[in-house]
Amino acid sequence: MEFVKYWFGIVKSVFASFMGIQTKQQYNKDTNMPSFLPFLVVGILMLILLLFTIGLMVTWITSQH
């Protein structure tokens, strides 16, 4: 359960950063983590998901006309 809680916190933090609503307190907490690698992995996965979603939306919109 602790593993899921850890990764959910990272996803939540990266999502807040993507949206530009990360608090200074959470930012400081994140920068004091022992490794940046989990944040990098989640950030890359979220970026891929965002680009895939945008691609699907563009394909769907252009196929409607």
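Along each chain, residues carry numbers from 1 onward, in the same order as the chain's sequence is written. Predicted model: local features are reported for residues with pLDDT of at least 70 only, side-chain atom pairs are reported and counted for 80 or more only, and whole-chain, interface and lining totals are derived from all residues. Hydrogens and waters are ignored; side-chain quantities use all the structure's heavy atoms.

Chemist: Just checking my understanding: could you explain the overall build of the protein for this structure?
Modeler: Within the protein, the regular secondary structure consists of three helices and zero strands. Runs of E in the DSSP output that reach at least two residues are strands. Runs of H or I that reach at least four are helices, and both are numbered from the N terminus. Along the protein, helices and strands appear, N-terminal first, in the series α-α-α. Along the first, second and third principal axes, the C-alpha set of the protein runs to 50 × 25 × 20 Å. Across the 65 residues of the protein, 15% fall into the buried class. Between buried and exposed lies partly exposed: a residue is buried under 20% and exposed over 50% of the maximum accessible area for its type, with that area taken using a 1.4 Å probe on protein chains only.

Chemist: How should I be thinking about the environment of Leu 37 in this particular structure?
Modeler: Inspection of the secondary structure puts Leu 37 in helix α3 (residues 37-63). Relative accessible area serves as the criterion here: at 48%, Leu 37 is assigned to the partly exposed category. Taking the C-alpha atoms as reference, Leu 37 lies 17 Å from Gln 26; in sequence the two are eleven residues apart.

Chemist: What am I meant to see in the side chain of Asp 30 here?
Modeler: Structurally, the position occupied by Asp 30 is in helix α2 (residues 24-31). Within the buried set, Asp 30 has no salt-bridge partner at all; the shortest N-O distance to an opposite charge, 6.3 Å, is to Lys 29. Counted as positive: Lys and Arg. Counted as negative: Asp and Glu. His and the chain ends are not counted at all. Salt bridges, as used here, are contacts in which a Lys or Arg side-chain nitrogen is within 4 Å of a carboxyl oxygen on Asp or Glu.

Chemist: Honestly, the packing of helix α1 (residues 2-19) against α3 in this entry has me stumped. Any pointers?
Modeler: Axis angle and axis distance: for two packed helices, these are the angle between their axes and the distance between the axes, and together they describe the pair. The geometry of α1 relative to α3 is characterised by a closest axis approach of 9 Å and an angle of 60° between their N-to-C directions. Accordingly, the angle class assigned to the pair α1 and α3 is oblique. When you trace α1 past α3, the crossing you get is right-handed. Every residue of α3 that contacts α1 at Tyr 6, Trp 7, Ile 10, Val 11, Ser 13, Val 14, Phe 15 and Phe 18 is listed here: Pro 38, Phe 39, Val 42, Gly 43, Met 46 and Leu 47. When residues are grouped by polarity, Ala, Val, Leu, Ile, Met, Phe, Trp, Tyr, Cys and Pro land in nonpolar, Asp, Glu, Lys and Arg in charged, and all others, Gly among them, in polar. When its residues are assigned to classes, the contact of α1 with α3 shows twelve nonpolar, two polar and no charged. Helix axes are fitted to C-alpha atoms over the stretch in contact, other axes to C-alpha atoms as well, and angles between N-to-C directions run from 0 to 180 degrees. In these notes the angle categories are as follows: under 35 degrees is roughly parallel, over 145 is roughly antiparallel, 65 to 115 is roughly perpendicular, and the rest is oblique. Crossing handedness follows the turn of the near helix against the far one: under a right angle anticlockwise gives a left-handed crossing, and clockwise gives a right-handed one. Should any heavy atoms of two residues lie within 4.5 Å, those residues are counted as being in contact.

Chemist: Whenever I open this one, a nonpolar patch on the surface confuses me. Can you help?
Modeler: There is a patch of nonpolar side chains on the surface, built from Phe 15, Phe 18, Met 19, Ile 21, Leu 47, Leu 50, Leu 51, Ile 54 and Val 58 and spanning about 870 Å² of accessible area. Elements that contribute at least two residues to the nonpolar patch include exactly α1 and α3. At five residues, the largest contribution of residues to the nonpolar patch is made by α3. Taking relative accessible area as the criterion, Ile 54 reaches 42% and is therefore assigned partly exposed. Within the patch definition used here, like charges are joined within 9 Å and nonpolar side chains (Val, Leu, Ile, Met, Phe, Trp, Tyr) within 5 Å, considering only residues with over 30% relative accessible area and no salt bridge. Reported accessibility uses the Shrake-Rupley method at a 1.4 Å probe radius. Residues are deemed covered only where the shown protein chains occlude them.

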